[in-house]
Amino acid sequence: MGATKADLFTREQNDIAAMAKALAHPARIAILQYLVKKNACVCGDLVDELGLAQATTSQHLKELKTAGIIKGSIEGASVCYCINPAVWKQYKSLFNAFFKDVDPQGNCC
């Protein structure tokens, strides 16, 4: 979406779209599931876990870090990653509000 069109939508709509874009690849979902499961900083295990090339894994990590959903820290020669709890809570809150219950009583197609 071009920057000139983003102003047509609310901040919440733009935030949800940006979050959805950050999550919009199965490799990124796999990375997040792995980090949540480990619940600790992970260094270097992701390439073996995903089965993807180092460069591909790094690109997905970069996208998740740019979105703020993960944090990275340098430890020696490697970068370690973990979930950013504040942003994780923000994602959860926005998506929970977005996916409201739908009344099955309504007349729909």
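Heads up: the structure comes first, above all this text.
Residues numbered from 1 in each chain as written. Predicted model: local features only at pLDDT ≥ 70, side-chain atom pairs only at ≥ 80, totals over all residues. Heavy atoms only, no water.

Peer 1: For this particular structure, what's the right way to read the pairing of strand β3 (residues 78–83)?
Peer 2: Here is the key point about a regular strand: its side chains alternate between the two faces of the sheet. In this structure, strand β1 (residues 42–43) lies alongside β3, joined through two bridges in antiparallel fashion. The residue of β3 that forms the bridge with V42 is Y81. The pairing of strand β2 (residues 70–75) with β3 spans six bridges and is antiparallel. Following the sheet pairing, I70 is matched in β3 by I83. (Pairing = 2+ DSSP bridges. Helix = DSSP H or I, 4+ residues; strand = E, 2+ residues; numbered from the N terminus.)

Peer 1: When you look at the packing of aromatic side chains in this model, what are you seeing that I'm missing?
Peer 2: In total, this model carries three aromatic pairs according to the counting rule given. Ring geometry for F95 against F99: centres 6.4 Å apart, planes inclined by 25°, an arrangement best described as stacked. Look at F99 and you get exposed, because its relative accessible area is 60%. Pairing F98 with F99 gives two aromatic rings, centres 5.0 Å apart and planes at 80°, and the pair type is edge-to-face. Clustering of aromatic rings is evident, with ring pairs tying together Y91, F95, F98 and F99. (Phe/Tyr/Trp six-rings, centres within 6.5 Å; stacked < 30°, edge-to-face > 60°. Buried < 20%, exposed > 50% of the residue type's maximum accessible area, 1.4 Å probe, protein only.)

Peer 1: I would appreciate a short explanation of the sheet that holds β1 in the present structure.
Peer 2: By definition, the strands of a sheet pair up through backbone hydrogen bonds, in either a parallel or an antiparallel sense. Taken in spatial order, the three strands of this open sheet run β1-β3-β2, and their pairing is antiparallel. Strands with a single pairing partner mark the edges of an open sheet, and in this sheet they are β1 and β2. In this fold helix α3 (residues 26–38) packs onto β1, β2 and β3, with an angle of close to 80° to the strand it touches most, β3. (Contact = heavy atoms within 4.5 Å. Axes fitted to C-alpha atoms, helices over the stretch in contact; angles between N-to-C directions.)

Peer 1: What should I look at first to understand the side chain of N84 in this one?
Peer 2: Take N84: it is sitting in the loop between β3 and α6 (85–98). The residues contacting N84, other than those within four sequence positions of it, are G68, I69, I70 and K71.

Peer 1: It is not clear to me how the packing of helix α2 (residues 11–23) against α6 should be interpreted in this structure. Could you clarify?
Peer 2: For any two helices packed against each other, one specifies the crossing angle of their axes together with the interaxial distance. The contact between α2 and α6 brings their axes to 10 Å, and the two run at 115°. By the angle class used here, α2 and α6 are roughly perpendicular. In the packing of α2 onto α6, the handedness of the crossing is left-handed. Between α2 and α6, the contacting residues are E12, D15, I16, M19, A20, A22 and L23 on the first element and Q90, Y91, L94, F95 and F98 on the second. Along the lines of polarity and charge, the residues of the contact of α2 with α6 split into nine nonpolar, one polar and two charged. (Parallel < 35°, antiparallel > 145°, perpendicular 65-115°, else oblique. Left-handed = near helix turned anticlockwise from the far one by under 90°. Nonpolar A, V, L, I, M, F, W, Y, C, P; charged D, E, K, R; others polar.)

Peer 1: What is the right way to look at the packing of α3 against helix α5 (residues 54–66) in this model?
Peer 2: Across the interface, α3 lies against α5 with an axial gap of 10 Å and an inter-helix angle of 75°. Judged by the inter-axis angle, α3 sits roughly perpendicular to α5. Along its contact with α3, which presents A27, R28, I31 and L32, the element α5 presents H60, L61, E63 and L64. Split into classes, the residues belonging to the contact of α3 with α5 amount to five nonpolar, one polar and two charged.

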